[in-house]
Amino acid sequence: MLEAANAEYLMSTHQPTINVRTAPVAPALPPLRIGSFTLSSRLVVGTGKYRDYTTMQAAIEASGADCVTVAVRRERLVDAEGRSILDFLPLERLTILPNTAGCFTADDAVRVSRLGREILEQLGNPGAGWVKLEVLGDRTTLLPDPVGTLEACKELVKDGFTVLCYSSDDPIIAARLRDAGAASVMPAGSPIGSGRGIANPAAIRMVIDRLKLAEQGGSAEYPVIVDAGVGTASDIVHAMELGADGVLLNTGIAHAQDPVRMAHAMRLALDAGWHTARAGRIPRKLYANASSPWEGVITHIPGE
Amino acid sequence: MRIELNGQHKELDGPATVAQLLLTLGLERAPCAVEVNAQLVRKALHPTHALAEGDRVEVVTLVGGG
């Protein structure tokens, strides 16, 4: 009886009142244009390393990405039961970006690009027209081989591909790749899968300036996408604050403990970084600068 | 006839085209691409491209990747 009365009392008087209030929605980000391709999301996500296809599917959905990367590999001829990743990708609304991961020579990267295009043409996916070019130096660092990348880029451009070049964070090779016809240069924040974020922010900034500033021979329209090394959402904010047009990542989502939640976080981070880069941050100062006025204080101020 | 298929030796019963090979493998409808001796053989040419003794054939598809 007493318990019931208590419960009733609590219900009637201690029901917390929450004023639900929604902030105005931030302005939408403009689409990302890469050559003749237009993406509504500036986040491009990989499809590798997920524990299962269902998690991958949900994470892609949460990321808001409309472009995902895939790799080209041998058919596993022994496993007739093997489910294809293609059954788990909504091909009608995703643009597939095939990569040349695992290529260590320009020749192999060109071969793999053509094979990827062939499959995407059969699927009728717009991704048939482009490739994420990776020509890697070795298996330990997975860092780009700049000479091989440049050579393959020239060949693929000649063959009609829209080429997105995975590159190191060096502004000189970035400009060479752009001059060779790359539709986008994608400098690595840090080595693939390392989760070390933007290891050399000054270098990334120089790549972005070189490709986008008119006084350095660049164009504001030229898309620079930071690719590789993203470990957490703040790495994306960092890349976008440095002036990147977009971010490409895989492991940071796929290997997070909760990949779907991390995909949400990555999407929000990209928006946060985009707006930050355009909002004009305050300069850094060594000492403090009070936010509340000194005028009218009723206190003793030390030293005054 | 012996060919190398995806890095493994394979014995074919007789002369075969790329299309016939894919049929044998049950991949005639699968989204895949075929290379013979490091040269892409476009889908339209599968029915006419005859395989030769010792050909190195790669049959590839798309997998998860970053």
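Everything numeric here is computed off the predicted structure, so don't read it as measured data.

Colleague: What's the story with the overall build of chain A in this structure? I'm lost.
Modeller: A tally of helices and strands in chain A yields nine helices and 10 strands. Referenced to the eigenvectors of the C-alpha coordinate spread, the extents of chain A come out at roughly 75 × 65 × 35 Å. Split into buried and exposed, the 304 residues of chain A put 43% on the buried side. Residue pairs at least 24 apart in sequence account for 62% of intrachain contacts in chain A once pairs closer than 6 positions are excluded.

Colleague: Just to check I follow, could you spell out the overall build of chain B for this structure?
Modeller: On a plain count of helices and strands, chain B comes out with one helix and five strands. Taken from the N to the C terminus, the helices and strands of chain B come in the order β-β-α-β-β-β. The principal-axis extent of the C-alpha atoms belonging to chain B is close to 40 × 25 × 20 Å. Split into buried and exposed, the 66 residues of chain B put 27% on the buried side. In chain B, the proportion of contacts linking residues at least 24 apart, taken out of those at least 6 apart, comes to 60%.

Colleague: How should I be thinking about the interface of chain B and chain A in this particular structure?
Modeller: Often, the extent of an interface is quoted as the loss of accessible area upon association of its parts. Taken together, the contacts link 21 residues of chain B with 31 residues of chain A. The set of elements that each furnish at least two residues to the side of chain B that touches chain A consists of strand E3 (33–36) and strand E5 (56–64) of chain B. Looking at the side of chain B that touches chain A element by element, the count peaks at seven residues for E5 of chain B. For the side of chain B that touches chain A, the class distribution of residues is 11 nonpolar, six polar and four charged. Sheet topology places strand E4 (residues 67–74) of chain A next to E5 of chain B; five bridges connect them, and they run antiparallel. When the bridges of E5 of chain B are listed, alanine 71 of chain A appears paired with valine 63 of chain B.

Colleague: Would you mind going over the pairing of strand E8 (residues 184–187) of chain A with me for this structure?
Modeller: Every other side chain in a regular strand lies on the same face of the sheet, so the side chains alternate between the two faces. All names here are of chain A. Burial along E8 is two-sided: the residues Ser184 and Met186 and Val185 and Pro187 are all buried. The pairing of strand E7 (residues 162–167) with E8 spans four bridges and is classified as parallel. Along E8, the bridge assignment pairs tyrosine 166 with methionine 186. Once you follow E7 into helix H5 (residues 171–179) and on to E8, the crossover reads as right-handed.

Colleague: Looking at this structure, how should I read unusual backbone geometry?
Modeller: Trans is the prevailing form of peptide bonds, just as negative phi is the prevailing case for residues other than glycine. Phi is positive for lysine 49 of chain A, which is not a glycine, with a value near 70 degrees. The residue lysine 49 of chain A is located in the loop between strand E3 (43–46) and helix H2 (53–63) in this model. Residue class for lysine 49 of chain A comes out partly exposed when judged on the 16 C-beta atoms lying within 10 Å of it. Unusually for a residue other than glycine, asparagine 37 of chain B sits at a positive phi of about 50 degrees. With respect to the helices and strands, asparagine 37 of chain B occurs in the loop between E3 and strand E4 (39–41).

Colleague: Sorry if this is basic, but what is going on with the sheet that holds strand E6 (residues 130–133) of chain A here?
Modeller: Residues and elements named next belong to chain A. The strand order E6-E7-E8 describes an open sheet built from three strands, whose pairing is parallel. One side of each edge strand has no neighbouring strand; the edge strands of this open sheet are E6 and E8. Going across the sheet, the axis of each strand differs from the next one's by a mean of 15 degrees, ignoring polarity.

Colleague: I'm lost on the pairing of E3 of chain A in this one. Help?
Modeller: Residues and elements named next belong to chain A. Covered by surrounding structure in E3 are Leu43 and Val45 together with Val44 and Gly46, the residues of both alternating faces. The sheet contact formed by E3 and E4 spans two bridges and is parallel. Residue pairing across strands places glycine 46 opposite threonine 69, the latter belonging to E4. Remark: the E3/H2/E4 crossover connection has right-handed handedness.

Colleague: Please clarify how the packing of H5 of chain A against helix H6 (residues 201–212) of chain A should be interpreted in this entry.
Modeller: How two helices sit against one another is set out by the angle between their axes and by the gap between those axes. All names here are of chain A. With their axes 8 Å apart at the nearest point, H5 and H6 run at an angle of 35 degrees to one another. For the crossing formed where H5 meets H6, the hand is right-handed. Contacts from Pro171, Ala174, Ala175 and Arg178 of H5 reach H6 at Met206, Val207, Arg210 and Leu211. Looking at the contact of H5 with H6 residue by residue, the class counts come to six nonpolar, no polar and two charged.

Colleague: How should I be thinking about the confidence of the model for chain B in this particular structure?
Modeller: Caution applies to low-pLDDT parts of the model: their predicted coordinates are not meant to be read in detail. On average, residues of chain B score 95 in pLDDT, and 100% of them are at 70 or above. For this predicted complex, the interface confidence score (ipTM) comes to 0.95, while the overall pTM stands at 0.89.

Definitions and limits used
Residues numbered from 1 in each chain as written. Chains lettered and ligands numbered in written order. Predicted model: local features only at pLDDT ≥ 70, side-chain atom pairs only at ≥ 80, totals over all residues. Helix = DSSP H or I, 4+ residues; strand = E, 2+ residues; numbered from the N terminus. Buried ≥ 20, exposed ≤ 12 C-beta atoms within 10 Å, placed from the backbone. Contact = placed C-beta atoms within 7 Å. Nonpolar A, V, L, I, M, F, W, Y, C, P; charged D, E, K, R; others polar. Pairing = 2+ DSSP bridges. Right-handed = clockwise from strand over helix to strand, strands pointing away. Axes fitted to C-alpha atoms, helices over the stretch in contact; angles between N-to-C directions. Left-handed = near helix turned anticlockwise from the far one by under 90°. pLDDT = per-residue confidence, 0-100.

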